[in-house]
Amino acid sequence: MRRAHLSIRYILAAAIVMIAGENAMAGWYTDSIKTAPVIEIRGELADTARCRELGDRYIDDNLDYLLSANEWLIVNFCAYWCGDCNNFTPDFNRAAGQSAYAGIRWAYADIDGTRGNENMRKRFSLPGTPVVILFHKGEIVKDADGNPAILDGHAGDKTYDDIIAYLNAHYRP
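The text that follows walks through the structure, step by step, so that each part is easy to find. (Residues numbered from 1 in each chain as written. Predicted model: local features only at pLDDT ≥ 70, side-chain atom pairs only at ≥ 80, totals over all residues. Heavy atoms only, no water.)

Focus on helix H4 (residues 83–96)
Link 1 in the chain: The terminal C-alpha atoms of H4, which comprises 14 residues, lie 20 Å apart, in line with the 20 Å expected from a rise of 1.5 Å per residue.
Link 2 in the chain: Residue threonine 89 marks the point of greatest curvature in H4, where the axis turns by about 30°; the proline proline 90 follows within four residues.
Link 3 in the chain: Of all the positions in H4, only Cys85, Phe88, Asp91, Phe92, Ala95 and Ala96 are classed as buried.
Link 4 in the chain: Where the residues of H4 are buried, they touch strand S1 (38–41), strand S2 (72–78), strand S3 (105–110), strand S4 (131–136), strand S6 (150–152) and helix H6 (160–170). (Helix = DSSP H or I, 4+ residues; strand = E, 2+ residues; numbered from the N terminus. Expected span 1.5 Å × (residues − 1). Bend = angle between axes of the 7 residues up to and from the residue. Buried < 20%, exposed > 50% of the residue type's maximum accessible area, 1.4 Å probe, protein only. Contact = heavy atoms within 4.5 Å.)

Shown next as structure tokens:
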């Protein structure tokens, strides 16, 4: 019964897309970018075998748009299936609500670090997920030694306090 209910929802959603057209979906995403406290950067497909063919391009395009449109952008690179990511996301979202960081646009890129999105891992030298990177004017913020300043939480050891310390060290409004 639940599968039938979900199938009906997907059929209705597909019908709305067909009736409203592609522009309505693009408008929905654009509107969510303007209003969401934490933007979802998505690029995965239901058919993960085609992720390399299509999915990578979409998540890259969406991220590149946000990098060009925001002076400060912080991205939590995560994966929906990752336990460490799921534990870390509430802390990331809580930090996003802090007024001291209102000048930062917050986002998470839901990437599959093992099947697809290899280009994202290579592009940002992601050691795993979750990894948080702060960008300024489209470039990764550097630490005092000139190295990319990333907050690597893939060992499951990062918390809200770590995000705040990371921002206090690297964010200069």
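A look at the environment of lysine 158
Link 1 in the chain: Inspection of the secondary structure assignment puts lysine 158 in the loop between S6 and H6.
Link 2 in the chain: As a C-alpha pair, lysine 158 and asparagine 87 span 71 residues in sequence and 9.2 Å in three-dimensional space.
Link 3 in the chain: Looking at lysine 158, its side chain comes within polar contact range of the side chain of aspartate 157, at 3.5 Å. (Polar contact = N/O pair within 3.5 Å; in protein donor to acceptor, adjacent residues only side chain to side chain.)

Quick notes on the state of the cysteines
Link 1 in the chain: For the structure on display, the rule yields zero disulfides.
Link 2 in the chain: Counting only cysteine sulfurs, cysteine 85 is the nearest neighbor of cysteine 78, a cysteine outside any disulfide, at a range of 5.2 Å.
Link 3 in the chain: Sulfur of cysteine 82: no disulfide; nearest cysteine sulfur belongs to cysteine 85 and is 3.1 Å away.
Link 4 in the chain: Relative accessible area serves as the criterion here: at 7%, cysteine 82 is assigned to the buried category. (Disulfide = S-S within 2.5 Å.)

Points about the nonpolar core
Link 1 in the chain: Counting 26 residues, the largest nonpolar core has Ile74, Ile104, Trp106, Leu134 and Leu167 as its most contacted members.
Link 2 in the chain: Elements represented by at least two residues in this core include exactly S2, H4, S3, S4 and H6.
Link 3 in the chain: Apart from the residues within four sequence positions on either side, tryptophan 106 is in contact with Pro37, Val38, Ile39, Ile74, Phe92, Ala95, Ala96, Tyr101, Ile163 and Leu167.
Link 4 in the chain: Core analysis: the next-biggest nonpolar cluster, separate from the first, contains 19 residues, Ile39, Leu63, Leu126 and Ile133 among them. (Core = buried A, V, L, I, M, F, W, Y, C linked by side-chain atoms within 4.5 Å.)

A closer look at H6
Link 1 in the chain: Of all the residues in H6, the buried ones are Tyr160, Ile163, Ile164, Tyr166, Leu167 and His170. Along the axis of H6, the buried residues cluster in a sector spanning 160°; they form a single face.
Link 2 in the chain: On the buried face of H6, the contacting elements are S2, H4, S3, S4 and S6. (Arc of directions from axis to C-beta.)

Some points on the packing of aromatic side chains
Link 1 in the chain: Applying the stated rule across the entire model yields five aromatic pairs.
Link 2 in the chain: When the centroid spacing of 4.8 Å and the interplanar angle of 85° are considered together, the rings of tryptophan 72 and tyrosine 171 count as edge-to-face. Of this pair, tryptophan 72 sits in strand S2 while tyrosine 171 sits in the segment after H6, and the two are 99 residues apart along the sequence.
Link 3 in the chain: Geometrically, the ring pair formed by phenylalanine 92 and tryptophan 106 is edge-to-face, given 5.0 Å between the ring centres and 65° between the ring planes. Taken as a pair, phenylalanine 92 in helix H4 and tryptophan 106 in strand S3 lie far apart in primary sequence, 14 residues in all.
Link 4 in the chain: Phenylalanine 92 gets classed as buried once you look at its relative accessible area, which sits at 0%.
Link 5 in the chain: For tryptophan 106, a relative accessible area of 2% gives the class buried.
Link 6 in the chain: Put simply, the rings of Trp72, Tyr101 and Tyr171 pair up and form one aromatic cluster.
Link 7 in the chain: Looking at arginine 94, its charged tip hangs above the ring of tyrosine 160, at a distance of 3.7 Å from the centre. (Phe/Tyr/Trp six-rings, centres within 6.5 Å; stacked < 30°, edge-to-face > 60°. Lys NZ or Arg CZ within 6 Å of the ring centre and 35° of its normal.)

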